[in-house]
Amino acid sequence: MKNTRISNFGFQILAVVLALVVTSLILIAAGANPLDAYKNIYAGSFGSFEKLSDVLVAWIPLLITVAGLLVTFSAGLWNIGVEGQIIMGGIATTWIVRLLQDTTTPPALTIALAILAGMIGGALWAALAGALKTFGGVNEIFGGLGLNFVATAATIWLIFGPWKRPGVASIAGTEAFNESVWLPTMGDTRLSLWALGLAIVSIMIVYFLLQGTYIGLRLKAVGKNPKAAYLLGVPTWQYSMMAFMLCGAFAGLAGAMQVMAVYHRLIGSISSGYGFLGLLVAMLVNYQVIWSVPVALFFAALNIGGIQLPIILKLDSSITGILQGTLVLFVLMMEGVRQRFMKRAGEKQ
Amino acid sequence: MISELFTTTVLIGILASGIRLATPYLYAAIGETFSQKSGVLNLGVEGQMLLGCFAAFYVALTTENLWLGLLAAMIVGAVMGLAMAFVTVNLHAQQGISGIGFYLFGLGMSDLLFQKLLGTVETVKGFPEIYIPGLSDIPGIGEIFFSQNILVYGAFLLVPIAWFVLNKTTLGLKIRSVGENPDAADSLGVSVARVRYFTIILGGTLSGLAGASLSIALLNVFQQNMTSGLGFIAVALVYFGAWKPAGVLAGALLFSMVNSLQLWIQVLGIPVPSDIAVMMPYVLTILVLVATVSKVRTPSALTKPFERED
C-alpha cells in the first residue's frame, strides 16, 4: 500500500516535469527564455507580500469551487454546470445587496443574508442540472453546458437591463455597492480575511464530510457503483441531488465572494473561468481533499504570475493556459501509464 | 421602425447570413457527432477550432493561398485529434477533463502564436462567393442558398454525407456498435480502438475546418479567443440534435438564424431593447433544452473508456 502511494506520487511528479519540459520547448520555439518566464511567474506570484495577497484572492474562489466539486466527483457526477452555479451565486448575492443596502438593515446582516442568498442561488441552479439528470435523463455534461449559457445570458441581461448603471450600461458591470456592505479587506491589498476564512472552512467541511461521515461514505458508494449502492439501500437519486446541491451551494459561495469581496458589483464575467479551473484541480487531486489546498494555490499562482509576463517578456498570459492545459494532459497520461504498469506488475506476481 | 425588418431585402439578408453563420456549427457538430456516436465525448472542440482558426489564417496570409490555409487547419485539427485519441483510447483518461485540457491548450497556444507571429489584427481576402449558374439568379432563393462561398456549400453537403456514412455503410455500423456496446463489437472482431481513433481524428479535422471557416471564409480575421464558446455550443448541438446529422442541422440553423436576426436588428438600429436582442440566442438554448429533454437516448458507452477483457 505504501509502495503504491509512493509510485503514485512519483508519476505525478514526472507529469509535472514533462509538462514543464513541453511548455519550455514551446517557449523556446516562441523565442523566449523559459527560465526567465518561470522566474517571472514566480516573482509575479510569490515575489512580494502584495503579489502573494493577489494569489490568495484568486485562491479563495478556486478553493471553494474545488470543495464543492469534490462532493460531486465523489458521487460520480461531472458537474460541468459549476460555472453557471458560480454565476447564479453572484446574481443572487447582488440581488439581495441591491434590495437591502439602502434600507435600515444593519450592514453586517445585509452581508450575511447576501452570502446566504448566493449559496441558495447556486444550490438551486445546481438542483436544476440535477433534476434534468435524475428526472429528465439529461446527461449532466450537456445539461450543465446549456445551463452555463443561460446563466451567462442572465448576467448580461441584468447588467444591460434591469440593473444597468445610470447613464450608460456596459459589460463592466452594475453600479458599485455602498461601501458599508463591502467585505473589509486587509490594508492596501484586495484580500479579505473573511473570504479567506470561509474558503478554509469550506474545504475543511468537505474533508470531514467525505472522510469521516456516514453520508460521505454512502456518497462515495453511489459514485463507485450506483447499482450496488441502490441494492444495498442507499437512496441513489436523493444522494445525487444532494451532491449537486451541496456543490452548487459552494459554487454560489464562490460567486458571492467574488461579488462581495473582490468586485463589489456584478460584472459580466463574474465566474472568470474558476469553474473550469476548479474541475481541473478537483480531477488532478483525484479525490484527495487535502491535496486540493496546495494544487489550487499552485494554479492560482500560475494565473496571477502569468499576468506579469506580457509586460516583461512580451508574452501573453496565454502561456499560463498552455502550462495548465499540458499539465492536466500529462497527469492524465501518467495516470494511464501507471495503471498499465500496475496491471503488468500485478500479472507478474 | 420594426416594420423595416419585414421588407423583402432585409428578410433575404437575414436568411442568407443565417445560412452562412451555420457553417462553423455544422462542421464542428457533425465531427463531434461521429466521435460521440463511437462513445467518445470530445470537449476540446473549442481548442481545436481556435488552433484551426489561427493555422488557416496564418498560412493563408503568408502564402496567399486559401487552400493551403484550409489544409493547415485540417492538419492541425487532426493532430489535436490524434493526441486526444491517444489520451482517451490508449490511456483511458477521463474524457471530460482531457477535453478541457485540450481546450485550455488550444486557447493558450493560438493566443501565443498570434502574439508571436502576427501581433496585430490583420485581414485576409477570404473564399469568394460562388454563384451557382442558373440557380443563383432565382430571386430571393438564389441569394439565400446559391450565392455562398465554397465552405458554406461544403458544410451543408456534409450533413447528408454524414447521415449516409453513419446509417448506410459498414463503417457507420461499426461506429454505432462501438458506441453502444463495445464489448459485443469487440467480440465480433471490430477493433474498438481503431474505430475510435478514426472518429476522434475525423472530429478534430472537422473542428479545424470549422475554425478555418471562421477565419478565412466568414470573418476573414484572426482575434484572440475568436470562437467565444462556439465550440461548446457545437458539443451541445449534438445533444440537441439527438446524435442525428439532420437534428444537428436543425439546431445549427436555429442558432445561426437567431444570431443573424439579432445582428440585423443591431445593424438596422431598430429600437428593440438591446438586452432582448443580446439575450435571444440564449433564451433559445433554454427552450430547445426543455423541448428535447427525455426524447433522446445517449449512446450507451459515451464517456466510458473501453478495456478489453483478456
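Residues numbered from 1 in each chain as written. Chains lettered and ligands numbered in written order. Predicted model: local features only at pLDDT ≥ 70, side-chain atom pairs only at ≥ 80, totals over all residues.

**Side note on the interface of chain B and chain A**
Item 1. Listed as interface residues are 37 residues of chain B and, on the opposing side, 41 residues of chain A.
Item 2. Where the side of chain B that touches chain A is concerned, the elements lending two or more residues are α3 (66-90), α4 (95-118), α10 (230-240) and α12 (274-292) of chain B.
Item 3. Sorting elements by how many residues they give to the side of chain B that touches chain A places α4(B) first, with 15 residues.
Item 4. Here the side of chain B that touches chain A is built from residues that sort into 22 nonpolar, 12 polar and 3 charged. (Contact = placed C-beta atoms within 7 Å. Helix = DSSP H or I, 4+ residues; strand = E, 2+ residues; numbered from the N terminus. Nonpolar A, V, L, I, M, F, W, Y, C, P; charged D, E, K, R; others polar.)

**What about unusual backbone geometry?**
Residues and elements named next belong to chain B.
Item 1. Despite not being glycine, E64 shows a phi value in the positive range, around 55°.
Item 2. Mapped onto the elements of the fold, E64 is located in the loop between α2 (45-63) and α3.
Item 3. Classification of E64 as exposed rests on a count of 11 C-beta atoms within 10 Å.
Item 4. Positive phi is not limited to glycine here, since A242 has a value of about 55°.
Item 5. With respect to the helices, strands and loops of the structure, A242 is situated in the loop between α10 and α11 (245-268). (Buried ≥ 20, exposed ≤ 12 C-beta atoms within 10 Å, placed from the backbone.)

**Observations concerning the domain arrangement of chain A**
Item 1. When its domains are assigned, chain A resolves into domain 1 (1-32 + 315-349) and domain 2 (51-312).
Item 2. One C-alpha centre belongs to domain 1 of chain A, the other to domain 2 of chain A, and the line joining them spans 28 Å. (Domains from an automatic or database assignment.)

**What about α3(B)?**
Item 1. The first and last C-alpha atoms of α3(B) sit 35 Å apart over 25 residues, in line with the 36 Å expected at 1.5 Å per residue.
Item 2. Of the residues trailing α3(B), H92(B) is marked for its positive phi of about 55°. (Expected span 1.5 Å × (residues − 1).)

**Some words on the nonpolar core**
Item 1. Counting 219 residues, the largest nonpolar core has L62(A), L63(A), V281(A), L26(B) and A56(B) as its most contacted members.
Item 2. A total of 18 residues in this core trace back to one element, the largest contributor, which is helix α10 (residues 236-263) of chain A.
Item 3. Both domains that furnish three or more residues to this core are identified here as domain 1 (1-32 + 315-349) and domain 2 (51-312) of chain A.
Item 4. When neighbours within four sequence positions are excluded, L26(B) is seen to be in contact with A155(B), L158(B), V159(B), L249(B) and A252(B). (Core = buried A, V, L, I, M, F, W, Y, C linked by C-beta atoms within 7 Å.)

**Observations concerning the packing of α2(B) against helix α9 (residues 192-218) of chain B**
Any two packed helices are characterised by the angle at which their axes cross and by the distance between the axes.
Residues and elements named next belong to chain B.
Item 1. Their axes nearest at 7 Å, the elements α2 and α9 cross at an angle of 50°. By the angle between their axes, α2 is oblique relative to α9. For the pair α2 and α9, the crossing hand works out as right-handed. Counted together, V45, Q48, M49, L50, L51, G52, C53, A56, F57 and A60 of α2 and G204, S207, G208, L209, A210, G211, A212, L214, S215 and I216 of α9 form the full contact between these two elements.
Item 2. Each residue belonging to the contact of α2 with α9 can be placed in one class, and the counts come to 13 nonpolar, 7 polar and no charged. (Axes fitted to C-alpha atoms, helices over the stretch in contact; angles between N-to-C directions. Parallel < 35°, antiparallel > 145°, perpendicular 65-115°, else oblique. Left-handed = near helix turned anticlockwise from the far one by under 90°.)

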